[in-house]
Protein chains: 2
Amino acid sequence: MSYTAQVVIMPLKELLDPQGKAVLGGLGNLGLGKINDVRVGKNITLQVDAASKEEAKTIAEEAAKKLLANGVMEYFEVTVL
Amino acid sequence: MSYTAQVVIMPLKELLDPQGKAVLGGLGNLGLGKINDVRVGKNITLQVDAASKEEAKTIAEEAAKKLLANGVMEYFEVTVL
């Protein structure tokens, strides 16, 4: 069966996020000053062939660890829909 | 009050996603052949000062429309946590 797995990858909270800071500046220039913090990460959806939801999650986590996320600077969360 | 808004931005389903195709090739090389489609988008979290959850959502949607997402190539979904 085919499952859809969503992998959300964000910069670690302890680290600066220069891209987020740049977006925050842009939003301020557009008059959206009520937004006071921005963090930019990735959202990756995978179509996984697996026998069960648990197997699909295991495969998606392996993909995140091996290729999608950089464990030194990012953390990830996997949700199977 | 401060709300956390999550903006997920993905390439439109009708369009090719070359970055996703590249990742799919990489996953195949790593032996993760059970993954048969990948789409890569962005996940942006915003801290929004607003009087209510609804106001926070309106502000986040305005930010997504004006700056974060490119409506020609991408669609977005806003969730206030």
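Residues numbered from 1 in each chain as written. Chains lettered and ligands numbered in written order. Predicted model: local features only at pLDDT ≥ 70, side-chain atom pairs only at ≥ 80, totals over all residues. Heavy atoms only, no water.

Identification of chain A as Phosphoribosylformylglycinamidine synthase subunit PurS from Niabella soli DSM 19437 is taken from an unreviewed UniProt entry. For chain A, the Subcellular location (unreviewed entry) comment in UniProt is given as "Cytoplasm". Check the Pathway (unreviewed entry) section of the UniProt entry for chain A; it says "Purine metabolism; IMP biosynthesis via de novo pathway; 5-amino-1-(5-phospho-D-ribosyl)imidazole from N(2)-formyl-N(1)-(5-phospho-D-ribosyl)glycinamide: step 1/2." (UniProt positions renumbered as here; feature names shortened; annotations may be inferred.)

Enquirer: Could you clarify how one ought to interpret the interface of chain A and chain B in this entry?
Expert: Often, the extent of an interface is quoted as the loss of accessible area on bringing the components together. Contacts between the two partners involve 30 residues from chain A, matched on the other side by 30 residues from chain B. Approximately 2,600 Å² of surface area, both sides summed, lies buried where chain A meets chain B, with 64% of it carried by carbon and sulfur atoms. Where chain A meets chain B, there are two salt bridges. Residue Lys34 of chain A is joined to Glu55 of chain B by a salt bridge in which the shortest nitrogen-to-oxygen separation is 3.0 Å. At the surface where chain A touches chain B, the tally comes to 14 residue pairs in polar contact (both at pLDDT 80 or more). Every element with two or more residues in the side of chain A that touches chain B is listed here: β1 (2–11), α1 (18–29), β2 (35–49) and α2 (53–68) of chain A. A breakdown of the residues in the side of chain A that touches chain B according to their chemical character gives 16 nonpolar, six polar and eight charged. (Contact = heavy atoms within 4.5 Å. Buried area = accessible area lost by both parts, 1.4 Å probe. Salt bridge = Lys/Arg side-chain N within 4 Å of Asp/Glu carboxyl O. Polar contact = N/O pair within 3.5 Å; in protein donor to acceptor, adjacent residues only side chain to side chain. Helix = DSSP H or I, 4+ residues; strand = E, 2+ residues; numbered from the N terminus. Nonpolar A, V, L, I, M, F, W, Y, C, P; charged D, E, K, R; others polar.)

Enquirer: Explain α1 of chain A to me, please; I cannot follow it from the model alone.
Expert: An α-helix turns once every 3.6 residues. As a result, residues three or four positions apart point the same way. Look at α1 of chain A: 17 Å from first C-alpha to last across twelve residues, which is about the 16 Å you get at 1.5 Å a residue. When we look at burial in α1 of chain A, the residues that qualify are Gly20, Val23, Gly26 and Leu27 of chain A. All buried residues of α1 of chain A project into a common sector of 120° when viewed along the axis, lining one side. Those residues of α1 of chain A that are exposed and aimed more than 90 degrees away from the buried face are Pro18, Ala22 and Asn29 of chain A. For α1 of chain A, the elements touching its buried residues are β2 of chain A together with β2 (35–49) and α2 (53–68) of chain B. Gly31 of chain A, located one to two residues past α1 of chain A, shows a positive phi value of around 85°. (Expected span 1.5 Å × (residues − 1). Buried < 20%, exposed > 50% of the residue type's maximum accessible area, 1.4 Å probe, protein only. Arc of directions from axis to C-beta.)

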